[in-house]
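Reading the structure
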Amino acid sequence: MQSLGSLVRVRHINCGTFRARIGGPALVSHVLVCEFEHGLVLVDSGLGTDDVAHATARLGAGFRLLLPALDSAETALDQLDRLGWTANDVTDVVLTHLDLDHAGGAADFPSATVHTTAVELKSAQTRSGIPAKVRYRPTHLAAIEHRSAGYVECSGELFGMAGHQLHDSVWMIPMPGHTAGHSVVAIRDPEHGWLLHAGDAFHHRRAVTGQRSGRSISMAEALFADDLKLLRTNQRRLADLSTTPGGPRVFCAHDPIQFRALIT
Ligand SMILES: [Zn+2]
């Protein structure tokens, strides 16, 4: 990824609205578009064009319980097109994890290398148990498996956490709990300093402000967690990190208030 040159700009886009109100307004699927001198890197990818067009077949019937907007204008491919980019401009997609609402859009960027952990890749390949069969979709995996880098050994440390440095400005830091191979992704925004996209390590901004999340949020987190104890431990780490002077701005994938604060 170093051949991309310097990071020039970071944009925040929503690649999948969910109208299921888990304790507040409609949820978003927060994706970062990182514009480097020589290409684009996405952090997470939301839903893809085929997911939106063939939702039940691609995502399973149960997915509709989340009341997804399924709007093709929300896909990363469509939004990048409106910004004057093409699919081939995306050289890399860094995924916090391979859940259907994070990995689906990667299929729209066939020339991009997909970055995830080896553990997450294995979980999506084996799909062991009913929760795994719901969250990991074979069509998503088939689109990225041959071009995925699954990391094992951490290469260094950022903010006291062991991680994989993909570029001077891009780190993938393993943070299991929601899924076994879940990561958070740190980006050094040249305009605003370090950002930390925490994926689904938490689902509501209160998790990193030291307040208790509402019951519906806690129940949803427990329902989707691979390891709830680890999820809670890591949420406390993120809460500490978000209040550390000079630390990154920490946000999750689905909180609409955090998303709006970053696009304005
Ligand atoms: Zn999610």
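First things first, this report covers the structure right here in the doc. (Residues numbered from 1 in each chain as written. Predicted model: local features only at pLDDT ≥ 70, side-chain atom pairs only at ≥ 80, totals over all residues. Heavy atoms only, no water.)

1. A closer look at the overall build of the protein chain
- Along the backbone of the protein chain there are ten helices and twelve strands.
- Against the 2.2 N^0.38 benchmark of 18 Å for 264 residues, the protein chain shows a C-alpha radius of gyration of 17 Å, consistent with a compact globule.
- The 264 residues of the protein chain split such that 54% are buried.
- Restricting to contacts in the protein chain with at least 6 residues of sequence separation, those with at least 24 account for 62%.
- Summing over all exposed atoms, the protein chain offers an accessible surface of approximately 11,300 Å²; the carbon and sulfur share of this is 53%.
- Here the protein chain carries 24 positive and 27 negative side-chain charges, and the mean point of each set is 9 Å from the other. (Helix = DSSP H or I, 4+ residues; strand = E, 2+ residues; numbered from the N terminus. Rg over C-alpha atoms; globule rule 2.2 N^0.38 Å. Buried < 20%, exposed > 50% of the residue type's maximum accessible area, 1.4 Å probe, protein only. Contact = heavy atoms within 4.5 Å. Areas by Shrake-Rupley, 256 points an atom, 1.4 Å probe, with all protein chains shown as cover. Lys, Arg positive; Asp, Glu negative; His and termini not counted. Charge placed at Lys NZ, Arg CZ, Asp CG, Glu CD.)

2. Focus: the packing of aromatic side chains
- Taken as a whole and judged by the stated rule, the model has two aromatic pairs.
- Between F18 and F63, the ring centres sit 5.6 Å apart and the planes meet at 80°, which makes this aromatic pair edge-to-face. Of this pair, F18 sits in the loop between strand 1 (7-14) and strand 2 (30-36) while F63 is found in the loop between helix 2 (55-59) and helix 3 (76-82), placing the two residues 45 residues apart along the sequence. The residues F18 and F63 share a single accessibility class, namely buried.
- Between F159 and W194, the ring centres sit 5.7 Å apart and the planes meet at 85°, which makes this aromatic pair edge-to-face. With a gap of 35 residues between them, F159 in the loop between strand 7 (156-158) and strand 8 (161-167) and W194 in strand 11 (residues 193-197) connect regions that are remote in the sequence. (Phe/Tyr/Trp six-rings, centres within 6.5 Å; stacked < 30°, edge-to-face > 60°.)

3. Let's talk about helix 5 (residues 118-126)
- For helix 5, every residue scored as buried is listed here: E120, L121, S123 and A124. End-on, the buried residues of helix 5 take up no more than an arc of 160°, which puts them together on one face.
- For helix 5, the secondary structure elements touched by its buried residues are strand 5 (113-117), helix 7 (138-144) and strand 6 (148-151).
- R127 lies just past helix 5 and shows a positive phi near 45°. (Arc of directions from axis to C-beta.)

4. Details of the nonpolar core
- In this structure, L42, L80, V90, V93, L95, L98 and F109 are the most contacted members of the largest nonpolar core, which totals 24 residues.
- When sequence neighbours within four positions are dropped, the list of residues in contact with L42 reads L32, V33, A76, L80, V90, D92, V93, V94 and F109.
- Membership of the second largest hydrophobic core comes to 18 residues, among which are V184, A186, F202 and L238. (Core = buried A, V, L, I, M, F, W, Y, C linked by side-chain atoms within 4.5 Å.)

5. Focus on the coordination of the zinc ion
- Binding of the zinc ion to the protein goes through D101 (OD), H102 (NE2), D200 (OD) and H254 (NE2), at separations of 2.1 to 2.2 Å.
- One can describe the site at the zinc ion as irregular: its four donor atoms subtend angles covering 85 to 159° at the metal.
- Mapping the donors of the zinc ion onto the primary sequence gives the spacing D-H-x97-D-x53-H. Pair noted here: D101 is in helix 4 (residues 100-103) and H254 is in the loop between strand 12 (249-251) and helix 10 (256-263), with a separation of 153 residues, a long-range link. (Donors = N, O, S within 2.8 Å, 3.2 Å for Na, K, Ca; no water. Tetrahedral: all angles 85-135°; square planar, octahedral: opposite > 155°, others 65-115°.)

6. Some points on unusual backbone geometry
- Phi is positive for L70, close to 50°, though the residue is something other than glycine.
- Considering the arrangement of structural elements, one finds L70 in the loop between helix 2 and helix 3.
- Here L70 falls in the buried class, since its relative accessible area comes to 19%.
- Although it is not a glycine, R127 adopts a positive phi angle of roughly 45°.
- Positionally, R127 belongs in the loop between helix 5 and helix 6 (130-135).

7. Digging into the sheet that holds strand 11
- The strand order across the open sheet formed by six strands is 7-8-9-10-11-12, and the pairing between neighbours is mixed. This sheet does not close on itself; its edge strands, each paired only once, are strand 7 and strand 12. Across the sheet, the mean angle from the axis of one strand to that of its neighbour is 35°, orientation sign disregarded.
- In the sheet, strand 9 (residues 170-174) pairs with strand 10 (residues 183-189) via five bridges, with the strands oriented antiparallel. Bridge pairing in strand 10 links P174 to S183. (Pairing = 2+ DSSP bridges. Axes fitted to C-alpha atoms, helices over the stretch in contact; angles between N-to-C directions.)

8. Some remarks on the environment of T244
- Assignment of secondary structure puts T244 in the loop between helix 9 (228-242) and strand 12.
- For the pair T244 and W171, spaced 73 residues apart in sequence, the C-alpha separation works out to 18 Å.

9. Observations regarding the sheet that holds strand 2
- As summarised here, the arrangement of the six strands in space is 1-2-3-4-5-6, forming an open sheet in which the pairing is mixed. Only two strands of the sheet have a single neighbouring strand rather than two, namely strand 1 and strand 6. Within this sheet the neighbouring strands show an average axis-to-axis angle of 20°, counted without direction.
- Judged from the five bridges that link them, strand 2 and strand 3 (residues 39-43) form a sheet pairing that is antiparallel. In the strand pairing of strand 3, C34 is matched with V41.

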